[in-house]
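# Commentary on secondary and tertiary structure
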Amino acid sequence: MLYVDDSRWPLGRMRMSHLVADTPEELRQAAGRLGIDPRHVQYPGTWKEHLDVSRSKRRQAIDQLGPGR
């Protein structure tokens, strides 16, 4: 299962949120489906493993990868 938080951390002019998954494989698959290079996974192999996603990628994750999809 995928999870995306409501954070809006500033990164330059962008606002970033965190995308996490139950497994590393799910996170990498989600990255590929969102057009994000899996090399951008932060803290790989740890409990903090996640992707920082922009507002548009956050919306895309919710719309395309949400429940029942």
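Quick look at the structure, then.

Rules used throughout
Residues numbered from 1 in each chain as written. Predicted model: local features only at pLDDT ≥ 70, side-chain atom pairs only at ≥ 80, totals over all residues. Heavy atoms only, no water. Core = buried A, V, L, I, M, F, W, Y, C linked by side-chain atoms within 4.5 Å. Buried < 20%, exposed > 50% of the residue type's maximum accessible area, 1.4 Å probe, protein only. Helix = DSSP H or I, 4+ residues; strand = E, 2+ residues; numbered from the N terminus. Contact = heavy atoms within 4.5 Å. Phe/Tyr/Trp six-rings, centres within 6.5 Å; stacked < 30°, edge-to-face > 60°. Lys NZ or Arg CZ within 6 Å of the ring centre and 35° of its normal. Salt bridge = Lys/Arg side-chain N within 4 Å of Asp/Glu carboxyl O. Pairing = 2+ DSSP bridges.

### Some details on the nonpolar core
- The biggest cluster of nonpolar side chains holds eleven residues, and these are Leu 19, Leu 27, Ala 30, Ala 31, Leu 34, Ile 36, Val 41, Leu 51, Val 53, Ala 61 and Leu 65.
- Where this core is concerned, the elements lending two or more residues are helix H1 (24–34), strand E4 (51–54) and helix H2 (55–65).
- Here the element with the most residues in this core is H1; it accounts for four residues.
- Excluding its chain neighbours within four sequence positions, the residues that come into contact with Val 53 are Val 4, Arg 15, Met 16, Ser 17, Leu 19, Ile 36 and Arg 58.

### Concerning the packing of aromatic side chains
- All told, the structure shown has zero aromatic pairs when counted by the stated rule.
- Here the guanidinium or amino end of Lys 48 rests over the ring plane of Tyr 43, the centre of that ring lying 4.1 Å away.

### Thoughts on the pattern of salt bridges
- As enumerated under the stated definition, the model contains four salt bridges in all.
- Across the salt bridge formed by Asp 37 and Arg 39, the nearest N and O atoms sit 2.6 Å from each other.
- You can call Asp 37 partly exposed: its relative accessible area is 28%.
- Given the relative accessible area of 71%, Arg 39 is considered exposed.

### A closer look at the pairing of strand E3 (residues 14–21)
- Of the strand pairs in this sheet, strand E1 (residues 2–4) and E3 are connected by three bridges, and their pairing is antiparallel. Across the sheet, the residue bridging to Val 4 is Leu 19, located in E3.
- The sheet contact formed by strand E2 (residues 9–11) and E3 spans three bridges and is antiparallel. Among the inter-strand pairings, Trp 9 is bridged to a residue of E3, identified as Met 16.
- Where E2 hands over to E3, the hairpin turn is made up of two residues, of which Gly 12 adopts a positive phi near 65°.
- As judged from the four bridges shared by E3 and E4, these two strands associate in the antiparallel manner. Bridging across to E4, His 18 finds its partner in Asp 52.

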